[in-house]
Amino acid sequence: TQDDGVPADDVKIIAKFRSRYNYIRVLEVSRKVDHPFAGARLLLLDGPGNIHSISYLFRSLTNTYFDAFATLPPILPPGPIGILGFGAGSAARLILDLYPEAVIHGWELDPSVIKVAREFFALEKLEKSYPDRLFVYVGNALKASLKDGFSGILVDLFSKGSLLSELEDPNTWEKLRQCLRKGGRIMVNVGGSCVEAEDSRRDGKVVMEATLKAMHKVFGKKLYVLSLGNRKDDSLIALTGELPDLDDWKRALPRSLKFYVDMWVPYSG
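All values reported here derive from a predicted model rather than from experimental measurement.

This model, assessed by the stated rule, comprises five aromatic pairs. Summarising the aromatic geometry, the rings of Tyr65 and Phe69 are spaced 5.4 Å apart at their centres and angled 85° between planes, so their arrangement reads as edge-to-face. Linking Tyr65 with Phe69, this pair stays in helix H1 (residues 65-69), spanning four residues, or about one helical turn. Classification of Tyr65 by relative accessible area gives buried; the value is 12%. Here Trp107 and Phe150 contribute two aromatic rings whose centre-to-centre distance is 5.9 Å and whose plane-to-plane angle is 80°, an arrangement assigned as edge-to-face. Of this pair, Trp107 sits in strand S6 (residues 104-108) while Phe150 sits in strand S8 (residues 150-155), and the two are 43 residues apart along the sequence. Phe150 matches Trp107 in its accessibility class, with the two residues each being buried.

What follows is the structure, encoded as structure tokens:
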């Protein structure tokens, strides 16, 4: 979790500035430190400095919720995947590496985040490597759409250290549901107590619960959650749709991601 601090001497600040939307910092963690983030490059946004992207020089898996996101493609119908809240492209990179057929359309509100991603997180190289499979747009992710819909949507939308308040509105989820192709699914980072908001009234756990209730009104029993972190409410991922055959799902995943399949439980409110 983010509570497990890294000694200041083992962290190098590569970039630090304020954009129109964010307080942006890019950090590099020493490979010598005894910490899960050893050797990582991190994108921190907002005042408290929540982690929005992570990358390693010599491996693609991150040991964070981005890895859980990368389990989604095998349970989707054919078609493009939308990433709402693209950040520096951690989820996109994983999916493009793991699934040769995957096509990704990503939306990010802050052009400065995309600029940082291209300069410090090899996004420009990724775009050149997959010109027909990766499309990045600057704009409001909640207005994202494709003519024939998405096979799946990954939602990772935070502002000022909190989930977007629009995600607490069932109407938002109904609109996103209508953007899906038949059999499509949505996987969501709904945060939790580990998320620090700039506004202390936006408690991470409370906002997470309100968001899940809004999703439940739209998806009913076809809503599942996966808990990450040391405590139940540390950090949750949500998934819409009936759970697929778990054995089939595991067979379609690399060994390092199979364990996520057994972690899903029905949302109980």
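Tracing the sequence through the fold places Leu42 in strand S3 (residues 40-45). Through-space distance from the C-alpha of Leu42 to that of Tyr56 is 9.1 Å; in sequence the pair is 14 residues apart.

Taken in spatial order, the eight strands make up an open sheet running S7-S6-S5-S8-S11-S13-S12-S14, and their pairing is mixed. One side of each edge strand has no neighbouring strand; the edge strands of this open sheet are strand S7 (134-138) and strand S14 (265-266). Bridge analysis of strand S11 (residues 180-191) against strand S13 (residues 235-240) gives four bridges, and the strand direction is antiparallel. Residue pairing for S13: Val188 is matched across the bridge by Ala238. The strands touched by helix H5 (residues 170-178) are strand S5 (81-84), S8 and S11; relative to S11, the strand with the most contacts, the crossing angle is about 140°.

Another point: the environment of Ser256. Locating Ser256 in the fold gives a position in the loop between helix H7 (246-251) and S14. Sequence spacing of Ser256 and Asn63 is 193 residues, and the spatial spacing of their C-alpha atoms is 9.9 Å.

Basis of the calculations
- Residues numbered from 1 in each chain as written.
- Predicted model: local features only at pLDDT ≥ 70, side-chain atom pairs only at ≥ 80, totals over all residues.
- Heavy atoms only, no water.
- Phe/Tyr/Trp six-rings, centres within 6.5 Å; stacked < 30°, edge-to-face > 60°.
- Helix = DSSP H or I, 4+ residues; strand = E, 2+ residues; numbered from the N terminus.
- Buried < 20%, exposed > 50% of the residue type's maximum accessible area, 1.4 Å probe, protein only.
- Pairing = 2+ DSSP bridges.
- Contact = heavy atoms within 4.5 Å.
- Axes fitted to C-alpha atoms, helices over the stretch in contact; angles between N-to-C directions.

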